[in-house]
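Structural description and commentary
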Number of protein chains: 2
Amino acid sequence: NKDYIKTEFLRWLIMGMIGVLTGLVACLIDVCVIQTTQLKFGYIKDYITSCLENFCLEVPLLIWICCNAFLILIGSFLTAKFAPVASGSGIPQIKCFLNGVKVPHVVRLKTIVIKIVGVICAVSGGLIVGKEGPMIHSGAVIAAGISQGKSSTFLFDFKIFEMFRSDHEKRDFVSGGAAAGVSAAFGAPVGGVLFSLEEGASFWNQALTWRIFFASMLSTFTLNVVQSFVKGHPLDLSSPGLFNFGKFETTTYGGLEIPIFILMGIVGGLLGALFNHINCKLTIFRRKYITKVYLQVLEAVIVALCTGTAFYVCLYFDNDCQVMESSESQENGIQFFCDDGKFSSMASVMFRSPEESVKSLFHDLPETYQPTTLILYCTMCFFLALWTYGLFVPSGLFIPSLLIGAGWGRLVAILLHYISPTAKWVTFEKYALLGAAAQLGGIVRMTISLTVIIMEASGNITFGLPVMIVLMVAKWVGDIFNEGIYDMHIHMQGVPLVGWEPSSMLSTKRASEVMSHPVTVFRTKETVGRIIDVLKSETHNGFPVVDDYDPFVEQSFQDEAESFGRYKGLILRSQLIVLLKMKAFEEHEDVQDVKSVLNIKDFRDAYPRFIPIHQINISPHEREFTIDLQPYMNPGAYTVSHNSSFPRIFRLFRALGLRHLVVVNENNKVIGMVTRKDLARYRISSHFGNVQIDELYISQS
Amino acid sequence: NKDYIKTEFLRWLIMGMIGVLTGLVACLIDVCVIQTTQLKFGYIKDYITSCLENFCLEVPLLIWICCNAFLILIGSFLTAKFAPVASGSGIPQIKCFLNGVKVPHVVRLKTIVIKIVGVICAVSGGLIVGKEGPMIHSGAVIAAGISQGKSSTFLFDFKIFEMFRSDHEKRDFVSGGAAAGVSAAFGAPVGGVLFSLEEGASFWNQALTWRIFFASMLSTFTLNVVQSFVKGHPLDLSSPGLFNFGKFETTTYGGLEIPIFILMGIVGGLLGALFNHINCKLTIFRRKYITKVYLQVLEAVIVALCTGTAFYVCLYFDNDCQVMESSESQENGIQFFCDDGKFSSMASVMFRSPEESVKSLFHDLPETYQPTTLILYCTMCFFLALWTYGLFVPSGLFIPSLLIGAGWGRLVAILLHYISPTAKWVTFEKYALLGAAAQLGGIVRMTISLTVIIMEASGNITFGLPVMIVLMVAKWVGDIFNEGIYDMHIHMQGVPLVGWEPSSMLSTKRASEVMSHPVTVFRTKETVGRIIDVLKSETHNGFPVVDDYDPFVEQSFQDEAESFGRYKGLILRSQLIVLLKMKAFEEHEDVQDVKSVLNIKDFRDAYPRFIPIHQINISPHEREFTIDLQPYMNPGAYTVSHNSSFPRIFRLFRALGLRHLVVVNENNKVIGMVTRKDLARYRISSHFGNVQIDELYISQS
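Here's what I pulled together on the structure shown here. (Residues numbered from 1 in each chain as written. Chains lettered and ligands numbered in written order. Predicted model: local features only at pLDDT ≥ 70, side-chain atom pairs only at ≥ 80, totals over all residues. Heavy atoms only, no water.)

Some thoughts on the overall build of chain A
Within chain A one finds 25 helices and 14 strands. Here chain A holds 701 residues, and 60% of them are scored as buried. Within chain A, contacts between residues at least 6 apart in sequence are counted, and of these 76% link residues at least 24 apart. Summing over all exposed atoms, chain A offers an accessible surface of approximately 27800 Å²; the carbon and sulfur share of this is 61%. (Helix = DSSP H or I, 4+ residues; strand = E, 2+ residues; numbered from the N terminus. Buried < 20%, exposed > 50% of the residue type's maximum accessible area, 1.4 Å probe, protein only. Contact = heavy atoms within 4.5 Å. Areas by Shrake-Rupley, 256 points an atom, 1.4 Å probe, with all protein chains shown as cover.)

Here it is, written out as structure tokens:
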């Protein structure tokens, strides 16, 4: 009872620490990005102003592009060389982790350090990326780190929180960290919880969700307090997230606008599908040809150069000069080739951070951007963003999507305004927001969590229904062509991710058709030599323990119903390795008293990085000893009968987060094993209405 | 494939219909309550004004009290006589339903009709009740009704949506209905989804949650459109829910206020625990003595009379006269015993609907209520509300809790203002809101969904953290003494509700200790006579099918490891009844060709009300026939080994929503059954830190 209360208290404490630390990391990233950008921009702006008179504009722009390229060089080199897993937004990796797949290095301390440095470089280096996606990964790493109380990379172990050193507990905390990351990124605590449920959870647990919510809340609160303090009005608490959409003034919409929203959803879905398709091809190309570190860094630098050049070229071609109106735009506006008292729209979106550009697209006056500027800008962003995602730099996809979407959303508003100039319901911010939602939905295909994130980030509950409609339509339309970009990247890596529901087309399959067969089993008292041999030759992580079975005569069975002895329990590779390492052997098979039974602490200390089997030294003499597996195996591990249907097995895996399931026949004899890979092997792909079952390539690592 | 798309489409369509209809029902209730109250109030107000001069005040007040009593008489009689399950808020019943427990009559059409009429009577009859809780029940019934496309009470069957006639599908739709109900009640679509997850879901399913959200959104949207139309400004969309908390002007709080919030949470927890404790004793008393319909109606009428009288007496004792300031208060204020230009605070809370009183307590000027008025009002509401909840009228508990909490929250603000008169951070609306949250949290003990509902209803994301802290503390403090009021009512009814997590104290129990034993089994070919006899004598709903077993020699086994033949599958009582009713018999045991194999449609048509076994007529001759159970039984039903641990079994039940689980021994022979009742039998009660395991009484129906 006392232990229970202590454990509960520690769970809350750790979640609280995760929330606070994630908030602080978000602040750190934000401050660093602002400082770096201001440094760069302040220097360049004066140079440009003086050069405009002397017609030496190429010089500052060249310096600017080189600065960017240099920053990207650093970020990209660090990522490609030391932590490739830190590249991209990290959402696919976290999704895999929460789904129960072990992605190597994903929650290491080294990864987060490089992620933070890398994202600062990428954002201040002028790439079309956001710092929001990486926050989710950062939160997850923080969670894993704190909850385990040790770091293997940096070789320290606080010897605290040892009761949480198991996959299950760690995963719970990582959900909290991911939620805290979303919450810090968008000031969306509820959206964060829903994100971690939608992407990770398989089993709703009230107490856990409540703790996750706590972490989310503290994360946005910490960020808010620190940011308000940094901005000089500490009690105002007006910065709930790294990025929010600003205040929306119109909050009404009419029922007659709904068809327009649906059309926008369709456009978002189509553009999203196109984005994903091209990015998919590009990723396959990268996987094949860009495998060396220097090539990866080179590509990132080229993208940085291209991004800079593209904007530069546009500046010449698109001379969209606007009158300076408010004092705010005077501060941020850049005169460039324009007459006095005017500023160049293109230059201002070029030198602004992507977040500020999104806000400007949402809220600026209708006249700020001309249609040609918007079309040019949207197209450029679209192609640059899809080229950027997948580079070896940490980069978020939310902001680029919002940028593209807000751009064409504004175009829709201009079009509607052109068709019906007197209509009061055509407000630019509404259509820019819905365009952004449609584009984001078309690319990432998230559902409820995305709706709530957008609702919270825009501080507006009234727009809930339009946002939802747009996201729903975008998802449906996009799903006709391909899947969401995160899922696509996961599948291209051959990760056995278990989906939401068993496909109805596989409902007739039985356990005996899905299972892996034959199975390698261990006897209750197994020789050390055979354990070593099996562990070296097999890649499986779980083995059934049986009796009445002689592994050395297995070739004699050749019939269909081949079985491997009566099922007793399941033992994990990690357990066997600890047993071998601690040499929990018996010299004679008939010795009854076990000399030293290992306890749970021995297994926990080895978590999570069990040494590889070939590093264990066993003398030829010891190979003859036996290990009694019965005290260590899990006797109650779930089994299924050979004629269970596929959907039942699927639900068991999904709901309980299983990794292995032993299939037994009517006499409780082992006949096969079902692993995650067996479930993920079949994928239903629907392509223009033709549904087919593919057998996927699943990575064997 | 085409079928799949059609089914998916129908699921969305039905969810949409559920949302729209729930919104419309909410409108209906609202309009009826307003009309009835205005009718009553308008009549009385003139009377009072004229009587104030003639000193005949007793007469209109007596009329008023009689009006109330009459309304309650109608509502209570209908409820007690025709649908006792419609009484109260319905949340405990919906919680049971979603948990997988069949509560009789809970989702019938008759229930909703009486619920709607009853709640209109209860609210306009002046009881301290809300119309929000019943909306959740109404939404659930609407969902069940639409998704099944038939009503057995009113004997019609549209013959549509037949594919959704199963427990599983129906439960999914009912979750959506409950969410739509919350959404309509508080304008909280996200809160609605989280409510239905927190109270019902065991397995997070992305697609389902997305559909539930759709229903929620449509429900609040429909309500919004209709309400705006009723109020005369159709495009304004300013009424997202039946009740929202109004606009909050102060949205800041300082870190130093957090200790005050924690203290408020403690007060809320203590008051909530007291509320629940007294209500529990009262419910036990009611269960024992107030069992006749006339007594139930009488009690409700007495409560109505007492409520009226209590307010009336207060009016005399508390003469809190306030200056009329705004034009609004002139409209609603009542002069009563006050001088001209002033109005009586007590009279205004008395004649207002509870919702308006909550809003007034939140937002009215600091001077509106004096401390004595608040203390008197709070105390009165506290006792009247706890007396009212449990009466045979439909009644919600949210509004009374908010009323009590907002009252003492305002008192806290007055106190703080007294201590530090110059502090700007003491705003009445903030403390009233947090007091309301604390009180509600202390009574219902909900977590994330309640936080989000309060955030959405107050249209305010900034207060998220304080609300969360207050709810968290209130729940922790309350949980020391007893459980939430809904769970308490569920437990008092002896319903086998499966909790969230297996208790750590039961983790050493094994399947063989928890299971029911002996088990009644059927052979694969069973005689009609034995099936009839077993179904008549047993109350179980699932039976294992075995071979190698002779039921008529079971008395010969007397050893510990008694087993009942080799497990083949599981068959349900409902299936057996359909088989008996359709007379799917074989005349001789050795006839190989089955004459007529029933298909899934035969079973579906009988859903959900299978006739009782004693209504099936079987001739003595037919008793000798056999039924081949193999085509109908579920061969892949989950089984567990006899040494599986309790937590594993628990998780299997919880995550997969099982009702029966067959326990087998090492030879796959049936040795026992675990049912929900076996799991729910043990409850951990912690009372002042002493944790103990109780074996509960579980109703056998």
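The rest of the description comes next.
Regarding a nonpolar patch on the surface
Taken together, Ile262, Leu263, Ile266 and Leu270 of chain A make up a surface patch of nonpolar side chains, about 320 Å² in accessible area. Structurally, the position occupied by Leu263 of chain A is in helix 9 (residues 258-289). (Patch = residues over 30% accessible without salt bridge, like charges linked within 9 Å, V, L, I, M, F, W, Y side chains within 5 Å. Salt bridge = Lys/Arg side-chain N within 4 Å of Asp/Glu carboxyl O.)

Quick word on the relation of the copies chain A and chain B
Superposition of the two copies of the chain requires a rotation about an axis and a shift along the axis. Its rotation angle being 180°, the transformation that places chain A on chain B also includes 0.0 Å of axial translation and leaves an RMSD of 0.1 Å. Both copies are brought into coincidence by an operation consistent with a two-fold rotation axis. Here 100% of the contact residues of chain A are again contact residues in chain B; the copies associate through an equivalent surface. (Least-squares fit on C-alpha atoms with pLDDT ≥ 70 in both.)

A closer look at the packing of aromatic side chains
We describe a pair of aromatic rings using the distance from one ring centre to the other and the angle between the two ring planes. This structure, assessed with the given rule, holds 26 aromatic pairs over all chains. An aromatic cluster of at least three residues, connected via ring pairs, comprises Trp12 and Phe214 of chain A together with Trp476 of chain B. In this arrangement the basic side chain of Arg648 of chain A is found over the ring face of Tyr638 of chain B, its NZ or CZ atom lying 5.2 Å from the centre. (Phe/Tyr/Trp six-rings, centres within 6.5 Å; stacked < 30°, edge-to-face > 60°. Lys NZ or Arg CZ within 6 Å of the ring centre and 35° of its normal.)

Points about the pattern of salt bridges
Residues and elements named next belong to chain A. This structure, assessed with the given rule, holds 28 salt bridges over all chains. Between Arg523 and Glu526 there is a salt bridge, with the nearest N and O atoms lying 2.6 Å from each other. Residue Glu526 pairs with Arg530 through a salt bridge whose shortest N-O separation is 2.7 Å. Each member of the pair Glu526 and Arg530 is classed as buried. Among the charged side chains, a salt-bridge network with shared partners connects Glu8, Arg11, Glu169 and Arg211.

Quick notes on helix 19 (residues 485-492) of chain B
Residue and element names in this part refer to chain B. Among the eight residues of helix 19, six are classified as buried, and the element is accordingly described as predominantly covered. Check the buried side of helix 19 and you find it contacts helix 3 (91-99), helix 9 (258-289), helix 15 (398-419) and helix 16 (428-444). One or two residues past the end of helix 19 sits Gly494, with phi positive at roughly 70°.

Description of the interface of chain A and chain B
The interface is formed by 71 residues belonging to chain A together with 71 residues belonging to chain B. Interface area, chain A with chain B, both sides summed: about 6500 Å², of which 69% is carbon and sulfur. At the boundary of chain A and chain B, one finds zero salt bridges. The tally of links from chain A across to chain B stands at two residue pairs in polar contact (both at pLDDT 80 or more). Elements that contribute at least two residues to the side of chain A that touches chain B include exactly helix 1 (2-54), helix 7 (189-199), helix 8 (206-231), helix 17 (448-457), helix 18 (464-481), strand 8 (566-572), strand 10 (639-641) and helix 24 (646-656) of chain A. For the side of chain A that touches chain B, the residue count by class is 38 nonpolar, 23 polar and 10 charged. (Buried area = accessible area lost by both parts, 1.4 Å probe. Polar contact = N/O pair within 3.5 Å; in protein donor to acceptor, adjacent residues only side chain to side chain. Nonpolar A, V, L, I, M, F, W, Y, C, P; charged D, E, K, R; others polar.)

What to know about the pairing of strand 8 of chain A
Residues and elements named next belong to chain A. Strand 8 sits mainly inside the fold: six of its seven residues count as buried. Taken together, the six bridges between strand 7 (residues 542-547) and strand 8 define a ladder with antiparallel strand orientation. Residue pairing for strand 8: Phe543 is matched across the bridge by Ile571. (Pairing = 2+ DSSP bridges.)

Here we look at the side chain of Lys568 of chain A
Summarising the element assignment, Lys568 of chain A is placed in strand 8. Given a relative accessible area of 17%, Lys568 of chain A falls into the buried group. Leave out the neighbours within four places in its chain, and Lys568 of chain A touches Thr524, Val545, Val546, Asp547, Gln630, Met633 and Pro635 of chain A together with Glu666 of chain B.

A short note on the environment of Gly145 of chain B
When you line up the elements, Gly145 of chain B lands in helix 5 (residues 132-148). The exposure class assigned to Gly145 of chain B is partly exposed, which follows from its relative accessible area of 32%.

Description of the state of the cysteines
Residue and element names in this part refer to chain A. On inspection of all chains with the given rule, the structure shows zero disulfides over all chains. Of all cysteine sulfurs, the one in Cys67 lies closest to Cys66, which takes part in no disulfide; the gap is 7.5 Å. By relative accessible area, which is 47% here, Cys66 ends up partly exposed. (Disulfide = S-S within 2.5 Å.)

Details of the sheet that holds strand 8 of chain A
All names here are of chain A. Read across the open sheet, the three strands follow the order 5-7-8; overall the sheet is mixed. Edge positions in the sheet fall to strand 5 (522-523) and strand 8, since each of these pairs with one other strand and no more. Bridging between strand 5 and strand 7 involves two bridges; their strand directions are parallel. Within strand 7, the position partnered with Arg523 by the bridge is Val546. Relative to the sheet, helix 22 (residues 573-581) contacts strand 5, strand 7 and strand 8, its axis offset from that of strand 8 by approximately 75°. (Axes fitted to C-alpha atoms, helices over the stretch in contact; angles between N-to-C directions.)

Some remarks on the sheet that holds strand 12 (residues 670-675) of chain A
Residues and elements named next belong to chain A. The strand order across the open sheet formed by three strands is 10-11-12, and the pairing between neighbours is mixed. Edge positions in the sheet fall to strand 10 and strand 12, since each has one partner strand and no second. Strand-to-strand twist in this sheet, taken as the mean axis angle between neighbours without regard to direction, amounts to 30°. When strand 10 meets strand 11 (residues 660-664), the two strands line up parallel, connected through three bridges. Residue pairing for strand 11: Val640 is matched across the bridge by Val663. Along the sheet face, helix 24 touches strand 10, strand 11 and strand 12 and points at about 150° away from the line of strand 11.

Considerations on the packing of helix 24 of chain A against helix 24 (residues 646-656) of chain B
Viewed as axis vectors pointing N to C, helix 24 of chain A and helix 24 of chain B meet at an angle of 105°, and their least axial separation amounts to 10 Å. If you check the angle between helix 24 of chain A and helix 24 of chain B, you find them roughly perpendicular. Contacts between helix 24 of chain A and helix 24 of chain B pair Arg651, Leu652, Ala655 and Leu656 of chain A from the former with Arg651, Leu652, Ala655 and Leu656 of chain B from the latter. Class assignment of the residues belonging to the contact of helix 24 of chain A with helix 24 of chain B gives a composition of six nonpolar, no polar and two charged. (Parallel < 35°, antiparallel > 145°, perpendicular 65-115°, else oblique.)

So, the side chain of Arg676 of chain B
Residue and element names in this part refer to chain B. Its location among the elements puts Arg676 in helix 25 (residues 676-680). Within the structure, the side chain of Arg676 is placed 2.3 Å from the side chain of Asn99, a separation counted as a polar contact. Those residues in contact with Arg676 that lie beyond four places of it in its chain are Asn99, Gly100, Val101, Pro496, Val498, Phe653, Leu658 and Arg659.

A short note on the packing of helix 2 (residues 58-82) of chain B against helix 4 (residues 109-124) of chain B
Helix packing for two helices is described by the angle between their axes and how far apart those axes are. All names here are of chain B. Relative orientation of the contacting elements helix 2 and helix 4 amounts to 160°, with a least axis distance of 8 Å. Taken together, the axis directions place helix 2 and helix 4 in an arrangement best described as roughly antiparallel. Taken as a pair, helix 2 and helix 4 cross one another with a handedness that is left-handed. Here Asn68, Leu71, Ile72, Ile74, Gly75, Leu78, Thr79 and Phe82 of helix 2 come into contact with helix 4, specifically with Lys110, Ile114, Val117, Gly118, Cys121, Ala122 and Ser124. (Left-handed = near helix turned anticlockwise from the far one by under 90°.)

Side note on the pairing of strand 11 of chain A
All names here are of chain A. By the criterion of burial, strand 11 is predominantly enclosed, with five of the five residues buried. Where burial is concerned, the two faces of strand 11 agree: the one with His660, Val662 and Val664 and the one with Leu661 and Val663 are both buried. Each parallel crossover has a hand, and for strand 10 linked through helix 24 to strand 11 it is right-handed. As judged from the five bridges shared by strand 11 and strand 12, these two strands associate in the antiparallel manner. Residue pairing for strand 12: Val662 is matched across the bridge by Met673. Where strand 11 hands over to strand 12, the hairpin turn is made up of five residues, of which Asn668 adopts a positive phi near 65°. (Right-handed = clockwise from strand over helix to strand, strands pointing away.)

Any functional reading would require information beyond the geometric quantities listed.
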